[in-house]
Amino acid sequence: RLPILHVRGETKMSQQAANGDRCRAKVLTVETMNPNVKRVEYAVRGPIVQRAVQLEKELKQGAKKPFTEVIKANIGDAHAMGQKPITFFRQVLALCAYPALLEEEKFPEDAKQRARRILAACGGHSIGAYSASQGIECIRQDVSRYIEKRDGGIPSNPDNIYLSTGASDAIVTMLKLLVCGEGRQRTGVMISIPQYPLYSAALADLAAVQINYYLDEDKSWSLDVAELRRSLNAAREHCNPRVLCIINPGNPTGQVQSRQCIEDVIRFAKEERLFLMADEVYQDNVYAEGCKFHSFKKVLFEMGPEYSSTVEMASFHSTSKCFMGECGFRGGYMEVINMDPAVKAQLIKLVSVRLCPPVPGQALMDLVVNPPQPDEPSYTTFVKEKTAVLAALAEKASITEQAFNTMPGFTCNPVQGAMYTFPRISIPQKAIDKAKELGQVPDMFYCMKLLEEEGICLVPGSGFGQRDGTFHFRMTILPPTEKLKIVLQRIKDFHLRFTQEFS
Amino acid sequence: MSAPLEINPYVKNIQQLQSQKLARRSEQIQEDIRRGSITSFKEVIDVSSGNPHSGGLRPLTFVRQVLAACFYPELLDSDGLKADVKQRAEKLLKTCVGGSVGCYTNTAGIPEVIHGITEFISRRDGGVPCDPQNIFISSGSQWCLSNILKVLVNTKSSLPCAVLSPVPCYPTTLMSLRAQGGLHVPYRLTEEGGWVLKGAELQRALQSAQGVSNPVALYVVNPGNPAGLVQSRASIQEVIRFVYENRLFLLADEVYQDCVYGENSCFVSYKQVLMEMGPPYSHSVELASFHSASKGVIGECGLRGGYVELVNVDQAVMDYIYKMFSLDSCASVSGQMVLDLMTNPPQPGEPSYPLYCQEKEEIRRTLVHNALKATEAMNLLLGFSCQPVEGGAFMFPRVDLPQRAIQRAQEAELPADMFYCMRLLEEAGLMVIPGCDYQQEEGTYHIRICIMVHEEVLDELLRRLRTFHNKFMKEFS
């Protein structure tokens with residue numbers, strides 16, 4: 001099969017050479033490439049999303065469909081759904097981008113002061129200069145101070161902070177660092193089912209052994225140490241379990257772990273000598289009454305030196321979620337706890353392959369950890385905007401959960417935090433059979449049909465993992481409230497039709 | 001628990017660079033300067049990396065104005081920005097979902113930005129068409145390269161996968177390769193005559209891999225880094241024929257294509273030459289060509305914008321490459337914006353054009369001036385010999401170190417050029433990288449100096465180098 005590009009103009013060539021060449025095998029084929037790549041799936045940007053993009057193209061070109069727009073409720077992108085950026089953050093970033101603006105009166109003094117400080121820490125006072133691979137030092141210091149404040153004074157060392165290109169970059173870097181061994185000694189990594197599929201994709205890419213531990217759907221997706229133990233013991237038969245990943249608040253499930261649960265997990269990690277990876281990117285997204293975010297680090301240290309000086313841990317944060325929603329800036333960091341200096345020396349090598357994280361993302365992270373203070377001019381507006389964003393998310397979390405729980409064929413756990421609902425859907429046997437015929441998993445079949453008929457893009461639960469025989473989808477709670485209500489109604493109507501069609 | 005034994009062996013296999021030691025020492029020295037305990041120099045001049053803004057070159061006004069307006073669209077209502085700045089910012093914001101640079105973008109990049117890149121490539125290559133489906137944008141060209149290596153390097157093959165790479169070579173690529181479990185098979189550039197790539201040497205290198213590793217690709221850097229060569233058309237053709245005959249994937253790192261100073265030098269892209277050669281080459285050689293907004297006149301390293309153009313790659317493999325990029329979500333939006341501004345600069349007649357031209361010319365003049373001045377100055381130093389710098393961002397002079405210095409270095413358990421560089425840093429506050437980090441012929445020593453710096457910075461660094469070097473040679477002769 002000839003490639004897409006065509007050679008300009010006529011060229012003379014012998015017939016034999018031409019034929020021979022058309023048959024000439026490529027150097028890089030599916031057979032010769034890295035076989036690990038074949039097992040990599042990332043549902044959040046997978047086939048259903050590609051189809052959604054295709055439908056959008058067709059709509060743009062004037063095609064007639066049962067819907068006028070494709071609603072992309074598949075990805076945790078708040079701005080895409082109309083959430084506004086925080087004014088202060090964007091002001092400082094603009095000042096950093098074009099420092100001549102520092103002369104303009106329209107920018108508040110606190111924004112200017114932060115911009116000047118960030119620029120002073122950049123090579124040549126420019127955000128266009130490479131920074132150190134670990135990230136700009138004064139920003140790492142600010143991150144440490146933020147962590148100390150958040151965790152009630154527990155010290156944080158800036159040397160343990162690694163700024164990154166989104167949290168994903170740091171997560172993949174840590175996994176890459178830790179995965180080793182051959183055969184039965186291959187590193188096993190425990191991940192929750194359901195989970196954010198970056199983890200399963202990274203593990204497939206690294207040919208690590210994925211160890212599934214199930215969250216309990218009947219108990220609001222809570223984590224039970226007995227289940228951790230069961231899963232670990234079974235895994236010891238065929239791999240060397242060394243890492244435990246936990247997402248809190250959860251994605252896609254939205255549960256906010258109780259303090260007791262976090263302690264139990266830490267205790268378990270210590271007993272079983274596991275490296276703990278705590279993905280805490282949704283730490284400000286907590287909505288449910290009685291739920292509170294407890295940082296793993298804080299709980300670790302409050303458990304006393306027996307734990308705080310031994311358990312090895314990395315915790316991750318990002319500028320993409322919470323109240324900022326600045327996904328496009330690719331800002332993030334990780335804090336490593338109790339990491340052996342020799343291991344750190346290896347880590348810095350890996351980190352330097354990336355050269356440095358995007359400086360605007362680093363600057364943004366600095367503002368997240370160093371926001372306007374009560375005595376500063378931008379404070380009032382900042383607090384107003386932040387509160388409004390979090391309140392809107394809380395309201396939408398509640399609307400969505402309630403709506404699904406009143407729809408026949410759906411059950412939905414409380415959306416305690418994060419940005420998603422993960423309702424369980426009942427799919428009739430006939431539909432399951434039809435899906436099988438088409439070579440699709442049932443919830444993909446369901447979601448594809450929903451996309452084609454209603455223009456609503458969700459991610460099937462199979463992309464995140466779920467107990468056999470159960471079906472789910474992940475939908476974000478991000479669309480504006482009015483649109484959200486319409487989307488929920490249309491899903492309800494679709495489900496009725498679907499159930500009738502396959503009864 | 002996490003003892004060094006239990007770390008990914010590929011990561012352990014990534015070489016430890018001497019430059020990291022220099023960086024740490026430099027931090028200490030800067031701290032000492034701040035505290036007043038070092039007074040012999042006021043600041044450390046760091047020319048260890050291709051970091052133009054850090055070296056005193058200024059960002060382009062148009063680029064930064066557009067970027068600021070994209071970050072804070074309220075600026076579009078002000079009088080302070082020219083019409084074309086506003087138009088471009090509005091156009092870019094429209095390409096973002098929800099009009100915000102805070103949104104994720106499509107995996108491969110914003111379609112309109114990709115489209116602009118394809119037009120840039122096509123114009124550059126004399127009209128050769130460029131398919132947008134073959135472009136992937138990432139947070140830096142090295143990120144693109146590492147995604148391609150992820151697909152290319154098969155660690156399950158019977159012999160370890162290898163990539164032929166130049167000596168001297170930019171270490172990040174090799175580190176990335178090792179992190180993926182690949183090996184590199186070195187082919188030596190010939191220093192005499194300006195770091196020339198010779199076909200016979202490619203043959204020798206390939207032969208040396210027989211039975212040891214499985215070479216799957218050839219990596220070229222043009223214009224070079226650290227070597228300042230700009231390949232001739234004939235040389236590029238030779239490489240293309242070589243990869244065709246020996247069934248190698250071609251990785252062409254062309255990030256310095258905008259930095260060409262040699263009077264008789266001209267950048268021509270691998271893609272253009274490939275297409276001009278016609279079949280069978282043009283429709284069978286598998287090529288990945290990398291470019292970036294970090295270098296060249298635009299010099300925006302910190303904004304992290306780079307792309308790869310894939311040519312003749314198997315369609316099924318393209319789907320897997322797409323998957324690799326999708327795990328990163330997308331490239332940073334500021335990086336994508338900067339790529340657009342690089343590939344689609346102000347045009348004659350537009351209000352920002354005069355200033356843009358002026359700034360661009362100034363930077364170019366500086367680079368040409370720096371290349372000449374640095375070459376002349378360094379060739380005057382005892383033991384220094386510089387090849388002519390035709391392009392790229394660096395000088396890579398050879399330094400013939402006295403035997404006594406080499407001995408002293410051995411005693412200190414340092415490579416001799418690292419010993420030299422450490423002394424240079426400590427005594428003169430000048431940070432350059434020793435050739436050992438780039439690989440070099442056994443028994444030769446080099447240092448790499450970035451010349452994409454302000455003229456005053458160059459003058460000062462040459463002054464410090466001269467003073468230090470004369471003293472060093474006296475001490476060790």
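This is a predicted model, so every value here is computed, not measured.

Visitor: Before we move on, could you go through the packing of aromatic side chains and cite the residues and values that matter?
Guide: Enumeration over the complete set of coordinates arrives at 30 aromatic pairs over all chains. Look at Y446 of chain A and F498 of chain A: their rings are 4.9 Å apart centre to centre, the planes differ by 70°, and that puts the pair in the edge-to-face class. Of this pair, Y446 of chain A sits in helix α16 (residues 442-454) while F498 of chain A is found in helix α17 (residues 481-501), placing the two residues 52 residues apart along the sequence. Look at Y446 of chain A and you get buried, because its relative accessible area is 0%. On the basis of relative accessible area, F498 of chain A is assigned to the buried category, the value being 1%. In this structure an aromatic cluster arises from ring pairing among F404, F410, F445, Y446, F473, F494, F498 and F502 of chain A. Above the ring of W143 of chain B, the side-chain terminus of R354 of chain A is found at 3.4 Å from the ring centroid.

Visitor: Requested: an account of the domain arrangement of chain B, with residues and values cited.
Guide: Note on interface size: it is often stated as the accessible area lost on association of the parts. All names here are of chain B. You can read the domains of chain B as domain 1 (9-57 + 356-476) and domain 2 (94-343). Put simply, the middle of domain 1 and the middle of domain 2, counted by C-alpha atoms, are 27 Å apart. Between domain 1 and domain 2, the residue contacts involve 34 residues of the former and 43 residues of the latter. The contact between domain 1 and domain 2 buries some 3200 Å² in all, and 57% of this surface belongs to carbon and sulfur atoms. Put simply, domain 1 and domain 2 have three salt bridges between them.

Visitor: How would you sum up the interface of chain B and chain A? Please name residues and give values.
Guide: With 104 residues of chain B at the contact, the number on the chain A side is 94 residues. Summing both partners gives a buried area of about 8700 Å² for chain B against chain A, and 58% of it is carried by carbon and sulfur. A salt bridge links E41 of chain A to K323 of chain B; the nearest nitrogen and oxygen atoms lie 3.0 Å apart. Of all the secondary structure elements, the ones that give two or more residues to the side of chain B that touches chain A are α1 (9-12), α3 (61-71), α6 (141-152), α7 (171-179), α10 (270-277), α11 (281-284), α12 (315-326) and α13 (333-343) of chain B. A total of eight residues in the side of chain B that touches chain A trace back to one element, the largest contributor, which is α12 of chain B. Class assignment of the residues belonging to the side of chain B that touches chain A gives a composition of 47 nonpolar, 41 polar and 16 charged.

Visitor: Which residues make up the state of the cysteines, and what values go with them?
Guide: All told, the structure shown has zero disulfides over all chains when counted by the stated rule. Unpaired in this structure, C447 of chain A has its nearest cysteine sulfur neighbour in C457 of chain A, at a distance of 8.3 Å. The thiol of C421 of chain B is not disulfide-bonded; the next cysteine sulfur, from C436 of chain B, is found 7.5 Å away. On the basis of relative accessibility, which here comes to 1%, the residue C421 of chain B falls in the buried class.

Visitor: Any chance you could break down the pairing of strand β7 (residues 287-292) of chain B for me, citing the residues and the numbers?
Guide: The two faces of a sheet get side chains in turn, since along a regular strand they alternate between them. Residues and elements named next belong to chain B. When you tally the buried positions in β7, you get six out of six residues, the bulk of the element. Taking every second residue as pointing to the same face, both faces of β7 are buried, with L287, S289 and H291 on one and A288, F290 and S292 on the other. Examined bridge by bridge, strand β6 (residues 249-253) and β7 share four bridges and lie parallel to one another. By the bridge assignment for β7, L250 is matched with L287. Two strands pair when backbone bridges link them, and β7 and strand β8 (residues 306-311) are joined in this way by six bridges, in the antiparallel orientation.

Visitor: With reference to specific residues and values, describe the UniProt feature "domain: Aminotransferase class I/classII large" (unreviewed entry) in chain A.
Guide: UniProt records the feature "domain: Aminotransferase class I/classII large" (unreviewed entry) at residues 92-491 of chain A, using the numbering of this structure. Between the C-alpha atoms that bound residues 92-491 of chain A the distance is 41 Å, and the span itself is 43% helix and 14% strand.

Visitor: Report on the UniProt feature "domain: Aminotransferase class I/classII large" (unreviewed entry) in chain B, specifying residues and quantitative values.
Guide: Following the UniProt record, the feature "domain: Aminotransferase class I/classII large" (unreviewed entry) maps to residues 89-465 of chain B here. Along residues 89-465 of chain B one finds 42% helix and 15% strand; the C-alpha atoms at either end are 44 Å apart.

Rules used throughout
Residues numbered from 1 in each chain as written. Chains lettered and ligands numbered in written order. Predicted model: local features only at pLDDT ≥ 70, side-chain atom pairs only at ≥ 80, totals over all residues. Heavy atoms only, no water. Phe/Tyr/Trp six-rings, centres within 6.5 Å; stacked < 30°, edge-to-face > 60°. Helix = DSSP H or I, 4+ residues; strand = E, 2+ residues; numbered from the N terminus. Buried < 20%, exposed > 50% of the residue type's maximum accessible area, 1.4 Å probe, protein only. Lys NZ or Arg CZ within 6 Å of the ring centre and 35° of its normal. Domains from an automatic or database assignment. Contact = heavy atoms within 4.5 Å. Buried area = accessible area lost by both parts, 1.4 Å probe. Salt bridge = Lys/Arg side-chain N within 4 Å of Asp/Glu carboxyl O. Nonpolar A, V, L, I, M, F, W, Y, C, P; charged D, E, K, R; others polar. Disulfide = S-S within 2.5 Å. Pairing = 2+ DSSP bridges. UniProt positions renumbered as here; feature names shortened; annotations may be inferred.

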